[in-house]
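# Structural overview
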Amino acid sequence: MDPAVVAGEPQPRPAVVLDVFEGPLDLLLHLVREEKVSIWDIPIVRICDQYHEALGRMERLDLEIAGEYLVYAAWLLLIKSRMLLPRHEGEEKDPRQELVERLVEYEKVKAAAAELAGLAELRRGVEAVRCAAPDAPTEVELDLEEVDVLALAGALRAVMERHLREHPAAMELAPIRFSVREKIVELFELISRQRSFPLLSHLLTRPDRLEGVTFLLAALELVRLGTATAHQRAPFAEIYLTPTGVALPMDALVDG
Amino acid sequence: MAELASLAAVVEAVLAVAGEPVTIEALLAVVGEGVDRAQVEAAIELLRRRHEQEGSGLQVESVGGGWRLATRPEHEGALREYLGYRSRARLSQAAFETLAIVAYRQPITLPEINFLRGVNSAGVVRTLVERKLVAAAGRKQVVGTPLLYRTTKEFLVHFGLPDLAALPTPEEAEQVSGDGTSEA
Amino acid sequence: MAELASLAAVVEAVLAVAGEPVTIEALLAVVGEGVDRAQVEAAIELLRRRHEQEGSGLQVESVGGGWRLATRPEHEGALREYLGYRSRARLSQAAFETLAIVAYRQPITLPEINFLRGVNSAGVVRTLVERKLVAAAGRKQVVGTPLLYRTTKEFLVHFGLPDLAALPTPEEAEQVSGDGTSEA
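Values in this document were obtained by computation on a predicted structure and should not be read as measured data.

### A short note on the interface of chain C and chain B
- Of the residues lining the interface, 42 residues belong to chain C; the matching set on chain B comes to 47 residues.
- By the criterion of area lost to chain B, the three top residues of chain C are Val30, Tyr82 and Arg139 of chain C, representing 18% of everything that side buries.
- Remark: the boundary between chain C and chain B carries 2 salt bridges.
- Salt-bridge contacts for glutamate 20 of chain C lead to arginine 86 of chain B; the nearest nitrogen and oxygen are separated by 3.4 Å.
- For the interface between chain C and chain B, the tally reads 9 residue pairs in polar contact (both at pLDDT 80 or more).
- For the side of chain C that touches chain B, the secondary-structure elements that each account for two or more residues are helix 1 (2-18), helix 2 (24-31), strand 2 (66-71), helix 4 (76-83), helix 7 (122-130), strand 4 (134-139) and strand 5 (147-151) of chain C.

Spelled out as structure tokens, the structure:
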């Protein structure tokens, strides 16, 4: 890459086993330590070349190289080229600065991780005593202090999945019992409270399938009136309604 | 004798986490080479006597062909009291599911909750209302004008949410697999 | 003194069935009228010292904001042997790094974790959420309003910490950051 630096026979180095690294920062930290240089004054040209060499070995071993490694490879090249350009003293900051800051932060993370791993090691074999309690409740109970919003979302998902299993969708004709106009107002109220309203899961969980159909017509009407936008990431995926901020023109509503 | 004491400690540790009576055979398999049945029995006896004497809250008892560490009958009242106290800080799986439905589908009526869960949920809704996580707010203008339920401000505070829009989206929920309630 | 001993026995029974840290408040609610906080604390101390001295297989420990009866590290071999697959799996290096980031910088978002580690950590965070070591807590008010993560009570129990203030200060990290550079 840079003939001035890699002139002569490349030094034989111990093969770096790449899959032991947690990512580009981990690999870089390893290279800096191997060079026995200060993290504050990284010989960037050499480190950059070694980094690319490591990626090359990965390629030769036909290992899949995670995207993050390539991002750092490009960044290192950029820093290297900036370092090779003449710089005026005090004019701009060291091109290495941000990289150094990230490495320093990552080194702290590694140190803290090592502390935690050490603690965990000391705790092996420490298990809670569980003696049988008189009349212990057989039902699983959740500690309210310990459940978070993700558990809440997970519980809803479990309910919906069970529900859809037990109530597979089917077509059926029934007399009209719901007014689109009424559903437009109801739906508009619902979507106004949320950033993105999941239309399909709402439709699929209405007790009355016809009510669901009326809701769908209402949703189309809301989009037509410019009061909401609809997004779908893939065919058959959830459809999200997002309020546009336009108020509902009550007099333009269709009857039916 | 020092060895017997340390054997008794190992036995105590195993009985304490087993959650079921442990047979002498199982203990023998665990305590390592060079320990025979008589020694394990002596260790159990040492343990049993120690818990008898010292005003311990536990006792070593022989049940169902094995040995277990258990609480004493005289503490039953305090233990019931504790379990009752703890269940006030807990929710049943059913109540948690219902809370999730109200959170994501509000305002929602009891018939709608029953329909989604496939079981009558009047009891759990009442629990949630008592716990102030859910409240009735208005009535749905359909036959029977059932009450509409919503989550409360306490609900938001408990889950650290600024508002309902901050609830995880279905995509974010998919980041955590399972039903989110399995034991770690 | 006899009263203190019998109070200690009740406390021991409660800790033995709880299976999780029990707060002083919960113990106070359970032991009955006429017992104050200082007495409960004295009973815990008596219990703690008794398990220290006598070659007990158990210990009384202060973790996760409460007190818990647990086994001792020296019996790890026997317990692993007995519990077999039931004993908890070890955490990976990636998990420890992610946990360290959440522990020391909480609450923190996934993009911030990704930035600090230099790699996408969504999968690791999911594992930590499943193991209940980490939980979602609110959202950061920035573009995309990402979920904020924090460590749980289970995290404190797992690492034997009474509270977050008891987290060790990584000395190496201290030295590096004390090396005199400006803020990032």
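### Some remarks on the nonpolar core
- By size, the foremost hydrophobic cluster in this structure holds 100 residues, and its most contacted members are Tyr51 of chain A, Phe155 of chain B together with Phe155 and Phe159 of chain C.
- The element contributing the most residues to this core is helix 4 (residues 97-122) of chain A, with 11 residues.
- Not counting chain neighbours up to four residues away, the residues in contact with phenylalanine 159 of chain C comprise Leu116, Leu119, Ala120 and Arg123 of chain A together with Leu91, Phe96 and Leu99 of chain C.

### With respect to the domain arrangement of chain A
- One can read the domain layout of chain A as domain 1 (16-85 + 93-123) and domain 2 (180-252).
- Domain 1 of chain A and domain 2 of chain A are separated by 49 Å when their C-alpha centres are compared.

### Quick look at the sheet that holds strand 4 (residues 108-109) of chain B
Residue and element names in this part refer to chain B.
- Sheet architecture is open: 3 strands sit in the order 4-6-5, paired in antiparallel fashion. Edge positions in the sheet fall to strand 4 and strand 5 (134-139), since each has one partner strand and no second.
- Bridge count for strand 4 against strand 6 (residues 147-151) is 2 bridges, and the pairing is antiparallel. From the neighbouring strand, isoleucine 108 faces strand 6, where its bridge partner is tyrosine 149.

### Observations regarding the interface of chain A and chain C
- Contacts between chain A and chain C engage 46 residues on the former and 68 residues on the latter.
- Overall, the association of chain A and chain C removes approximately 4600 Å² of surface from exposure, summing both partners, and the carbon and sulfur fraction of that is 58%.
- It is Leu116, Arg123 and Arg124 of chain A in chain A that bury the most area against chain C; as a group they hold 14% of the surface buried on that side.
- As a salt-bridge pair, glutamate 61 of chain C and arginine 123 of chain A come within 2.7 Å of each other at their nearest N and O atoms.
- At the level of secondary structure, the elements contributing two or more residues to the side of chain A that touches chain C comprise helix 1 (24-35), helix 3 (67-84), helix 4 and helix 5 (149-166) of chain A.

### Side note on the sheet that holds strand 3 (residues 228-232) of chain A
All names here are of chain A.
- Taking strand neighbours across the sheet as the criterion, the 3 strands line up as 2-4-3 in an open arrangement whose pairing is antiparallel. The two strands at the open ends of the sheet, each matched to only one other strand, are strand 2 (197-198) and strand 3.
- Across the sheet, helix 6 (residues 180-192) lies against strand 2, strand 3 and strand 4 (239-243), angled at about 85 degrees from strand 4, the strand it touches most.

### As for the domain arrangement of chain B
- Domain annotation for chain B reports domain 1 (2-81) and domain 2 (93-177).
- Spacing between the C-alpha centres of domain 1 of chain B and domain 2 of chain B amounts to 46 Å.

### Considerations on the pattern of salt bridges
- This model, assessed by the stated rule, comprises 41 salt bridges over all chains.
- In this structure, the salt-bridge partner of arginine 46 of chain A is glutamate 35 of chain A, at a minimum N-O distance of 2.7 Å. You can see arginine 46 of chain A sitting in helix 2 (residues 44-60) and its partner glutamate 35 of chain A sitting in helix 1, a full 11 residues away along the chain.
- Between glutamate 121 of chain A and arginine 124 of chain A there is a salt bridge whose closest N-O contact spans 3.0 Å.
- Linked by salt bridges that have partners in common, Glu121 and Arg124 of chain A together with Glu76, Arg80 and Arg90 of chain C make up one network.

Conventions adopted
Residues numbered from 1 in each chain as written. Chains lettered and ligands numbered in written order. Predicted model: local features only at pLDDT ≥ 70, side-chain atom pairs only at ≥ 80, totals over all residues. Heavy atoms only, no water. Contact = heavy atoms within 4.5 Å. Buried area = accessible area lost by both parts, 1.4 Å probe. Salt bridge = Lys/Arg side-chain N within 4 Å of Asp/Glu carboxyl O. Polar contact = N/O pair within 3.5 Å; in protein donor to acceptor, adjacent residues only side chain to side chain. Helix = DSSP H or I, 4+ residues; strand = E, 2+ residues; numbered from the N terminus. Core = buried A, V, L, I, M, F, W, Y, C linked by side-chain atoms within 4.5 Å. Buried < 20%, exposed > 50% of the residue type's maximum accessible area, 1.4 Å probe, protein only. Domains from an automatic or database assignment. Pairing = 2+ DSSP bridges. Axes fitted to C-alpha atoms, helices over the stretch in contact; angles between N-to-C directions.

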